[in-house]
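Take a look at the letters that make up each chain.
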Amino acid sequence: QVQLVESGGGWVQTGGSLRLSCAVSGNIFSINAMGWYRQAPGKQRELVAIINMGSSTNYADSVKGRFTISRDNAKNTLYLQMNSLKPEDTAVYYCNARPRLATRRDYWGQGTQVTVSS
């Protein structure tokens, strides 16, 4: 079992910054990779950024150069630093953990709301 708890969401004006945190607990050795997803009203959930156990990263084109995903293993915490925020970044952001076993379903946090005013 893996538990994920997001925090750090809020309301900011266009151009502002936020840092999201995801506290990870449970069997962390069962995790293959982690990431951040987001879901805007009326839209499907989309990948924002991922980081694997070797710390290589990938980003959605829409956030490249603005967002940074990172991990602090000592604190068992995943981060998403969001800069130069735009109204289209408004969404519920979810922390994700992918199990090493392909037959197991992903773990998800409860989500944290990010709202960027125009």
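The structure we're discussing is the one just above.
Predicted model only: the values in this text are computed from it and were never measured.

1. Section: the environment of Asn96
Part 1 of the reasoning: With respect to the element layout, Asn96 can be found in strand S9 (residues 91–99).
Part 2 of the reasoning: As for Asn96 and Gly109, which are separated by 13 residues in sequence, their C-alpha atoms are 6.7 Å apart.
Part 3 of the reasoning: The residues touching Asn96, leaving out its near neighbours within four places in the chain, are Leu4, Ala33, Met34, Gly35, Tyr37, Asp106, Tyr107 and Trp108.

2. Here's the deal with the sheet that holds strand S7 (residues 67–72)
Part 1 of the reasoning: Strand order in the open sheet made by the four strands is S1-S3-S8-S7, with antiparallel pairing throughout. Every other strand in the sheet has two partners, leaving strand S1 (2–7) and S7 as the edge strands with one partner each. Shown here is a sheet whose adjacent strand axes are inclined to one another by a mean of 15°, direction ignored.
Part 2 of the reasoning: Summarising the sheet, S7 and strand S8 (residues 77–82) pair through six bridges and their orientation is antiparallel. In the strand pairing of S8, Arg71 is matched with Leu78.

About the cut-offs
- Residues numbered from 1 in each chain as written.
- Predicted model: local features only at pLDDT ≥ 70, side-chain atom pairs only at ≥ 80, totals over all residues.
- Heavy atoms only, no water.
- Helix = DSSP H or I, 4+ residues; strand = E, 2+ residues; numbered from the N terminus.
- Contact = heavy atoms within 4.5 Å.
- Pairing = 2+ DSSP bridges.
- Axes fitted to C-alpha atoms, helices over the stretch in contact; angles between N-to-C directions.

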